[in-house]
Amino acid sequence: MKNVLVIGSTGQIGSELTMKIRRMIPEGNVVAGYIKGAEPKGELLESGPSAEADVCDGERLLGIVKKYKIDTIYNLAALLSAVAEKRPQLAWHIQIDGLMNILEIARENGCAVFTPSSIGSFGPETPRVNTPQDTIQRPRSMYGCTKVATELLSDYYFHKYGVDTRSVRFPGLISNVTLPGGGTTDYAVEIYYAAVKGEEFVCPIAPGTFMDMMYMPDALKAAVDIMNADPSKLVHRNSFNIASMSFDPEILRAKISEHIPGFRMRYEVDPVRQAIAESWPDKMDDTCAREEWDWRPSYDLEGMTADMISALRKKLL
Ligand code: AKB
């Protein structure tokens, strides 16, 4: 990995991943791809090249790949689960038509491709606890349908054309830099902002609803490590379960209260998000990622909470 295009560089993952890769390979071109209306600013804009890179515009993408001699594409363009339920056709267009554009360009230009999958690729018939790497994937959400199709198409391009596609199934991601938008797990980010600002948090997910979650530094490490992994050791490719912690809103509330006594939370359950959350695993088994490319998370709930609160205090107060 030397010349890298990050599509969706101003989003929740992209804004931090682009900077991490730029620090890792200062001699390379790490292009911050963006769409109109979400242009990079500040350090992201100033620390390297950027280019308009809409996944639905294959010709423009090809131009960027050729201009910067791109060898690796991080394809982070996606509508998250709750928004995708409102705009299912658009979600399919971005996540699948867009992916086809990228895979074709990768096939013709020898690029490796990372397109994340998610806990959303599972559904109500999937074993909920210690969800295996290879298991039933029959999601009921459009987001889930696009994630299963992403896994299949990415594997197809690997087996049929030898395109170096690799991926992980991200849990809900928690970060103090860029907010997510329109996901089912967003509550686990928003709750920290409310707690640090001294506000009551209105939780859209019901108590007792467990989901896998992960702190952003671990997610970024996974995204980089999987692309740097020794290919001869990879039995799987698209996509690996990765896990670090699982909790429900009550456990998270109690943990935050240890750091911010008096923190208040009440429930106003959002039926769309709740239905999606109930169809997702409680906790994935990530043994294959540990064995095939040495995946190890660094943060548990306590470590993440202490770091989130300290970072948000500096940012917000
Ligand atoms: C969402 O909630 O839609 C995402 C995800 C788990 O993929 N954060």
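Values in this document were obtained by computation on a predicted structure and should not be read as measured data.

Caption draft 1: Spotlight on the pattern of salt bridges. By the definition in use, this model includes 17 salt bridges. Notably, a salt bridge pairs lysine 255 with glutamate 302, separated by 3.0 Å at the nearest N-O pair. Residue lysine 255 is found in helix H9 (residues 249-259), and its partner glutamate 302 is found in helix H12 (residues 301-316); the two are separated by 47 residues along the sequence. Taking relative accessible area as the criterion, lysine 255 reaches 15% and is therefore assigned buried. Across the pair aspartate 270 and arginine 273 runs a salt bridge, and its minimum N-O distance is 3.1 Å. Residue aspartate 270 is classed as partly exposed on the basis of its relative accessible area, which comes to 21%. Because the salt bridges share partners, they merge into one network encompassing Asp164, Arg166 and Arg237.

Caption draft 2: Highlighting the layout of surface pockets. Computed from the structure, the largest pocket encloses a volume of approximately 980 Å³. Looking at the largest pocket, it is lined by 48 residues, and the ones nearest its centre are Leu76, Ala77, Ala78, Leu79 and Leu80. Sorting the residues of the lining of the largest pocket by element identifies strand S2 (30-34), helix H4 (81-86), helix H5 (88-109), strand S6 (117-118), helix H6 (142-161) and strand S10 (172-174) as the ones contributing at least two each. Residue assignment places the lining of the largest pocket across two domains, with domain 1 (4-171 + 216-241) and domain 2 (173-213 + 245-281 + 299-316) each supplying three or more. Empty space within the second largest pocket amounts to approximately 220 Å³. Forming the walls of the second largest pocket are 17 residues, and the residues nearest its centre are Asp155, His236, Arg237, Asn238 and Ser239. For the lining of the second largest pocket, the element with the most residues is H6, which contributes six residues. Looking at the lining of the second largest pocket residue by residue, the class counts come to five nonpolar, seven polar and five charged.

Caption draft 3: Seen up close, the site of the ligand. All residues in the neighbourhood of the ligand are listed as Leu80, Ser81, Ser118, Ile119, Tyr143, Gly183, Thr184, Thr185 and Trp280. Between an oxygen atom of the ligand and a side-chain N or O atom of serine 118, the distance comes to 2.7 Å. In the model, an oxygen atom of the ligand is placed 2.7 Å from a nitrogen or oxygen of the threonine 184 main chain. Protein burial of the ligand: of its 250 Å² of free accessible surface, 93% is covered by the chains.

Caption draft 4: Here's a closer look at the nonpolar core. Counting residues in each nonpolar core, the largest one holds 64 residues, and the members touching the most others are Ile174, Tyr187, Tyr192, Phe247, Leu252 and Met304. For this core, the element with the highest residue contribution is helix H7 (residues 187-197), accounting for nine residues. Formed jointly, this core draws a minimum of three residues from each of two domains, domain 1 (4-171 + 216-241) and domain 2 (173-213 + 245-281 + 299-316). Look past the residues within four positions of tyrosine 187 in its chain and what remains in contact with it is Phe201, Cys203, Pro204, Ile205, Met211, Met213, Phe247, Asp248, Pro249 and Leu252.

Caption draft 5: Expanded view of the sheet that holds strand S8 (residues 165-166). With respect to topology, six strands assemble into an open sheet ordered S3-S2-S1-S4-S5-S8, the strand pairing being parallel. Edge positions in the sheet fall to strand S3 (50-52) and S8, since each of these pairs with one other strand and no more. Where strand S5 (residues 112-114) meets S8, two bridges bridge the pair, whose relative direction is parallel. Opposite phenylalanine 114, over in S8, you have arginine 166 as the bridge partner. Along the sheet, helix H1 (residues 14-24) makes contact with strand S1 (4-7), S2 and strand S4 (72-75), crossing S2 at roughly 165 degrees.

Caption draft 6: Quick look at the packing of H1 against helix H8 (residues 216-228). At a closest axis distance of 10 Å, the pairing of H1 and H8 adopts a crossing angle of 55 degrees. With respect to each other, H1 and H8 are oriented oblique. The two elements H1 and H8 cross, and the hand of that crossing is right-handed. Residues Glu16, Leu17, Lys20, Ile21 and Met24 of H1 touch H8, and the partners they reach there are Met216, Leu220, Lys221, Ala223, Val224 and Asn228.

Caption draft 7: Layout of the packing of H7 against H9. Direction vectors running N to C along H7 and H9 enclose 30 degrees, while the axes themselves pass 11 Å from each other. The angle between the axes of H7 and H9 places the two elements in the roughly parallel class. Considering only the axes of H7 and H9, their crossing is right-handed. Side by side, H7 and H9 meet where Tyr187, Ala188, Ile191, Tyr192 and Ala195 of the first sit next to Pro249, Leu252, Arg253 and Ile256 of the second. For the contact of H7 with H9, a count of residues per class yields eight nonpolar, no polar and one charged.

What counts and how
Residues numbered from 1 in each chain as written. Predicted model: local features only at pLDDT ≥ 70, side-chain atom pairs only at ≥ 80, totals over all residues. Heavy atoms only, no water. Salt bridge = Lys/Arg side-chain N within 4 Å of Asp/Glu carboxyl O. Helix = DSSP H or I, 4+ residues; strand = E, 2+ residues; numbered from the N terminus. Buried < 20%, exposed > 50% of the residue type's maximum accessible area, 1.4 Å probe, protein only. 1 Å grid on protein atoms, 1.4 Å probe; cavity = no way out; pocket = protein on both sides within 12 Å on 5 of 7 lines; lining within 4 Å. Points joined across faces, edges and corners; volume = space filled by probe spheres on them. Domains from an automatic or database assignment. Nonpolar A, V, L, I, M, F, W, Y, C, P; charged D, E, K, R; others polar. Near = heavy atom within 4 Å. Polar contact = N/O pair within 3.5 Å; in protein donor to acceptor, adjacent residues only side chain to side chain. Areas by Shrake-Rupley, 256 points an atom, 1.4 Å probe, with all protein chains shown as cover. Core = buried A, V, L, I, M, F, W, Y, C linked by side-chain atoms within 4.5 Å. Contact = heavy atoms within 4.5 Å. Pairing = 2+ DSSP bridges. Axes fitted to C-alpha atoms, helices over the stretch in contact; angles between N-to-C directions. Parallel < 35°, antiparallel > 145°, perpendicular 65-115°, else oblique. Left-handed = near helix turned anticlockwise from the far one by under 90°.

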